[in-house]
Amino acid sequence: EEFGMTVMMIEHDMGVVMDISHRVMVLDFGRKIAEGDPASVLADPHVKRAYLGEEDEVLVDPDDTPAPRESAMDYAGRAAQSDTFPKLLRLNAKEYGGEIALREKDLGLWRVFTWNDYQTRVHDFALGLVELGLGRGDVIGIIGDNRPDWVAAEIATHAIGAMSLGLYRDVLDEEAAYLLSYGDAKLVFAEDEDQVDKLLALADRAPNLKHIVYSDPRGMRKYDDPRLMEAEKLASMGRDRAAREPD
């Protein structure tokens, strides 16, 4: 105030913020849920729910008309319903379906994936894997960068009762051959041409590798190997199976 300046601070500690701020904006997973002076923000039921672990009977709509809402599920309730990653994803999609779960930069632009998008991709991958004859006890490899299809492939693998085997994108040929052969991997999700090259070079050192699913199709036209399949094709197979067997 003495110098006529405004200072903006980004801080996760609610106590620190409230002690020194004149005006506060509160975000929950990037979505603004409250704004105002510290006292009014602390009294806001959305803030109580998101940050303070307190519950009010109702939330107030913008028109001040009280509206009942469901109580937030406590930790024990969430744990009981989501003791595996596939179950946790399903629960998050149910509760936060339209909110952003993942972001990926593609050609300089950020692509966003909601929890519903995430769940759909996993669902399609999982049924596609089943369509290929994979299931409980099988080993599925995943090699590439940290990207949406990587995590979708991992959770889809778990959803069908199979086991995921993650490999670093810079893994040496000898290491990849040992891991895939020892694990008896039948399918590998590969990110792009570089990873596909590495897998094709293994030849008979990974004798049980029947399918290679790649996410980035750039540079793939020159290959003619029956094991290769684009990730979107696998997802399409999953959708087709769901249409045939909706239950």
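Residues numbered from 1 in each chain as written. Predicted model: local features only at pLDDT ≥ 70, side-chain atom pairs only at ≥ 80, totals over all residues. Heavy atoms only, no water.

Novice: Pulling in residues and values, what's your account of unusual backbone geometry?
Specialist: Phi at D184 is positive, roughly 60 degrees, even though this residue is not glycine. The residue D184 is located in the loop between α8 (173-182) and β9 (185-190) in this model. (Helix = DSSP H or I, 4+ residues; strand = E, 2+ residues; numbered from the N terminus.)

Novice: An account of the pairing of β9 is requested, with residue identities and associated values reported.
Specialist: Along β9, five of the six residues are buried, which leaves the element largely enclosed by surrounding structure. Alignment of β9 against strand β10 (residues 211-214), held across four bridges, turns out to be parallel. From the neighbouring strand, L187 faces β10, where its bridge partner is H211. Note on the crossover from β9 through helix α9 (residues 193-200) to β10: the handedness is right-handed. (Buried < 20%, exposed > 50% of the residue type's maximum accessible area, 1.4 Å probe, protein only. Pairing = 2+ DSSP bridges. Right-handed = clockwise from strand over helix to strand, strands pointing away.)

Novice: Requested: an account of the confidence of the model for the chain, with residues and values cited.
Specialist: Detailed reading of the predicted coordinates is not advisable wherever pLDDT is low. Here the chain averages 84 in pLDDT, and 82% of its residues register 70 or above. Under a pLDDT of 50 for its full length, residues 57-62 has, in the predicted model, 10 contacts with residues more than four places off or in other chains. Every residue in residues 64-72 is under pLDDT 50, and counting partners more than four places away or in other chains gives 11 contacts. (pLDDT = per-residue confidence, 0-100. Contact = heavy atoms within 4.5 Å.)

Novice: Run through helix α5 (residues 85-96), naming residues and quoting values.
Specialist: Side chains three or four residues apart in an α-helix point the same way, a direct result of the helix having 3.6 residues per turn. The end-to-end C-alpha distance of α5, which contains 12 residues, comes to 16 Å, matching closely the 16 Å that a straight helix rising 1.5 Å per residue would cover. Those residues of α5 that sit buried are P86, L89, L91, N92 and A93. (Expected span 1.5 Å × (residues − 1).)

Novice: Could you give an account of the packing of helix α6 (residues 115-131) against helix α7 (residues 148-159), with specific residues and numbers?
Specialist: Taken N-terminus to C-terminus, the directions of α6 and α7 make an angle of 55 degrees; their axes are 8 Å apart at the nearest point. Classified by the angle their axes make, α6 and α7 are oblique. Along this stretch, α6 crosses α7, giving a crossing that reads as right-handed. On α7, the residues touching Y118, R121, V122, F125, A126 and L129 of α6 are D149, V151, A152, A153, I155, A156, T157 and A159. Partitioned by chemical class, the residues of the contact of α6 with α7 number 11 nonpolar, one polar and two charged. (Axes fitted to C-alpha atoms, helices over the stretch in contact; angles between N-to-C directions. Parallel < 35°, antiparallel > 145°, perpendicular 65-115°, else oblique. Left-handed = near helix turned anticlockwise from the far one by under 90°. Nonpolar A, V, L, I, M, F, W, Y, C, P; charged D, E, K, R; others polar.)

Novice: Residue-level account of the sheet that holds β9, with values.
Specialist: One open sheet holds the five strands; their spatial order is β8-β7-β9-β10-β11, and the pairing between them is parallel. Only two strands of the sheet have a single neighbouring strand rather than two, namely β8 (163-167) and β11 (228-230). The sheet shows a mean angle of 25 degrees between the axes of neighbouring strands, direction not considered. In the sheet, strand β7 (residues 139-143) pairs with β9 via five bridges, with the strands oriented parallel. Across the sheet, I142 pairs through a bridge with F189, a residue of β9.

Novice: Give a description of the environment of N116 that names residues and reports values.
Specialist: Here N116 lies in helix α6. Judged by its relative accessible area of 39%, N116 is partly exposed. Linking N116 and E95, residues 21 residues apart in sequence, is a C-alpha distance of 9.9 Å. The residues contacting N116, other than those within four sequence positions of it, are A93, G97 and G98.

Novice: Hey, could you go over the packing of aromatic side chains for me, with residue numbers and the actual values?
Specialist: Per the counting criterion, the structure on display carries three aromatic pairs. Judged by centre distance (5.8 Å) and plane angle (20 degrees), the rings of W115 and Y118 are stacked. Residue W115 and its partner Y118 are both found in helix α6; the two are separated by three residues, about one turn of the helix. By relative accessible area, Y118 is classed as buried at 10%. (Phe/Tyr/Trp six-rings, centres within 6.5 Å; stacked < 30°, edge-to-face > 60°.)

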